[in-house]
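Descriptive structure summary
This is what each chain is made of:
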Amino acid sequence: MSKNTEYLPIENYGIIGNMKTVALVSLYGDVDFMCFPNFDSPTVFASLLDKENGGTFSVVPQLSSTKTKQLYMPGTAVLLTRFFSEEGISELTDYMPIEDFDNPSSICSIVRKIKTVRGKITYKVNCAPRFDYAKAQHQIDKTGKNELTFLAIHDGDSMVRLISDFPLRFKGQDGYAEITLNQGEEAWIVLESVKKGETENLRSIDFYKNSTYQETVTFWRKWINKSTYKGRWNDLVSRSAITLKLLTSTTYGSMVAAPTFSLPESLGGSRNWDYRFTWIRDAAFTMYAFLRLGYWEEASSFLHWIEGRSDDKALHLMYSIDGSPVMEEEELQHMEGYMKSRPVRIGNAAKTQLQLDIYGELIDTIYLYNKNHTKINFELWKTVQKHILYVVKNWAKPDHGIWEFRNGTKHYLHTRLMCWVAMDRAIKIAEDRSFPYPEIEWKDIRDKIYLDIYDGFWNENVGAWVQYKGAEGVDASALLMPLVHFITPDEPRWLSTMKVIEERLSTDVLIYRYNNTGDADGIAGEEGTFNMCSFWFIEALAKNKEVSKALEYFEKMAGYANHLGLFSEQIGKRGEHLGNFPQAFTHLALISAALELDKQIDRL
């Protein structure tokens, strides 16, 4: 087997992580993407975005006519890649040990165990880190027979150390090795990333060999066993929950929308965005999914993080993982992009947009937390009040909408719907807790928003609630109307709206967000169908008592997952994954749809 020199499909990757950062491991055993030390830090490996120059960490068994398979060890984020050939079988086990959450050290590690299952196999190892988005040079120090240290010269204080139980060499900017293992033999190699000045936290190879595998497996299995889900799709729901957990920061309590940046929404197109930040909307939806599965600790940590933002005049649309402002959007001109899809962007210009819907998603999550877990205290209520005051003053304003349109503001249906949710859930929390609040004013605002939606967004000619006031087109985000209990699933206007959404935006189970031809969103190019919207559609079908169709569509959507049960943001016309990967939106919507389907099937 020779080193793969072409871009692999996005779906040909698995993910490992430690709740500080993640690494993407290909079906051929290459670590092709990792940021360090945090999700939103510069990359150390990024050959996913520039095959030639981005940096990679590969272990390649020298076998001919090889077939590869990947799986997760059950109930964990430990990834096993297997290589099959007439000459032999080898296994590569990859994981990131879970560090002590109280330890402020930046250290993170990728542990790779190489094993020959059958035959006698030679392995070629290549470690080619490229610091600071492949912009910074580095030097290599050979500090021992089985140890190499890579020191970045111009990107601040990053360094990585490669250690193993076999000899390592280096040439130019890369470390490499060659080792032969007989049947049953194994070898270990570990990449440690740490900030300069924290080298006292580095460990020996024996430390990793002797304890970290079982500790990592035990951590994940204890965590997944906390789930209250006992439904029909346990494997799929558990994998989605683990994926969401991998995107959550245990240091801060926040989470990223996706761990990657600039994976294209259409190959060769310019819809390439950085999702390595905490969107209030995405995080709130994720915590909603966690709460429904019984994961209270994650939701509590997120709400504590939210309270830390209470000094802001208003919520920002997105934050860096630590709560600081998001970096300015810029293009990395030196990177060619995934399959030459440029520009390669870091940062996100949408951070300055007005998106009022985030208040609804957030307060709905707080409502569920208060209802089903722990009654919120008065300090958190004061934060909720502050957010509601902002909604009261601004709900009638146009904004950029959930999809972050870049061609101006409009009065969007989804925004107005979520402003109604914010008012409705805040009132319910106040009445449940007997908190003081201006009852007449808030209920009056809630009712005004309701009537504004019901009448102001209804287009009789289209026969649907449309995307924005005066529009002739529909938007898949309207699928949330029955899911947030704005209307009942048998409401005649809703049944008509859902029919129009299916006619105009669907290809079987695959749903587009909206019709983006022309200048619909201010961004050039096409995009794929949006996986989250497909799962919303399935959940809406289930609520409409169309259980047989919902069940069939759920199984079809499950078939679009990759070989590990992971989803990107979108699906292309050839069934390929598009957009950043894996995508929190998709996995949380899958969980919600599975829960609703289970409930409706049980009722039958």
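Residues numbered from 1 in each chain as written. Predicted model: local features only at pLDDT ≥ 70, side-chain atom pairs only at ≥ 80, totals over all residues. Heavy atoms only, no water.

Let us look at the nonpolar core. Counting 201 residues, the largest nonpolar core has Met-481, Trp-536, Ile-538 and Phe-554 as its most contacted members. The residues touching Met-481, leaving out its near neighbours within four places in the chain, are Leu-413, Leu-417, Ile-453, Trp-465, Phe-486, Ile-487 and Trp-494. In this structure, Val-111, Met-159, Tyr-208 and Val-217 belong to the second largest nonpolar core, which totals 14 residues. (Core = buried A, V, L, I, M, F, W, Y, C linked by side-chain atoms within 4.5 Å. Buried < 20%, exposed > 50% of the residue type's maximum accessible area, 1.4 Å probe, protein only. Contact = heavy atoms within 4.5 Å.)

Looking now at the pairing of strand S15 (residues 174-181). Relative to S15, strand S10 (residues 121-128) is paired through seven bridges, and the arrangement is antiparallel. If you follow Val-125 over to S15, its bridge partner there is Ala-177. Note that strand S14 (residues 169-171) and S15 share three bridges and pair antiparallel. Its bridge partner lying in S15, Arg-169 is registered against Tyr-176. In this structure, the hairpin formed by S14 and S15 is closed by a connection of two residues, where Gly-172 is found at a positive phi of approximately 60°. (Pairing = 2+ DSSP bridges. Helix = DSSP H or I, 4+ residues; strand = E, 2+ residues; numbered from the N terminus.)

In spatial order, the strands read S6-S7-S8-S9-S16-S13-S12-S11; together these eight strands make up an open sheet with antiparallel pairing. At either end of the open sheet lies a strand with only one pairing partner, and these are strand S6 (67-72) and strand S11 (138-144). The average undirected angle you get between the axes of adjacent strands in this sheet is 15°. Where helix H2 (residues 205-224) meets the sheet, its contacts fall on strand S8 (88-95), strand S9 (108-118), strand S13 (158-164) and strand S16 (186-195), and the angle it forms with S16 comes to roughly 90°. (Axes fitted to C-alpha atoms, helices over the stretch in contact; angles between N-to-C directions.)

It is worth spelling out the state of the cysteines at this point. Under the counting rule described, the total for this entry stands at zero disulfides. Left unpaired, Cys-35 is separated from the closest cysteine sulfur, that of Cys-108, by 11 Å. The exposure class of Cys-35 is buried, given its relative accessible area of 1%. (Disulfide = S-S within 2.5 Å.)

Strand order in the open sheet formed by three strands is S25-S26-S27, with antiparallel pairing between adjacent strands. Strands with a single pairing partner mark the edges of an open sheet, and in this sheet they are strand S25 (529-530) and strand S27 (577-578). Across two bridges, S25 lies against strand S26 (residues 570-571) in antiparallel orientation. In the sheet register, Phe-530 faces S26, and the bridge partner there is Gln-570.

All right, on to unusual backbone geometry then. A cis amide bond links Phe-36 with the next residue in sequence, Pro-37, at an omega value of 5°. Among the structural elements, Pro-37 can be located in the loop between strand S3 (30-35) and strand S4 (43-45). In this chain, Arg-342 is followed by Pro-343 through a cis amide linkage whose omega measures 5°. Mapped onto the elements, Pro-343 comes out in the loop between strand S19 (330-331) and strand S20 (345-346). Located in the positive-phi region is Asp-508, a residue other than glycine, with phi close to 60°. The residue Asp-508 is located in the loop between strand S23 (506-507) and strand S24 (510-511) in this model. Using a relative accessible area of 35% as the deciding quantity, one classes Asp-508 as partly exposed.

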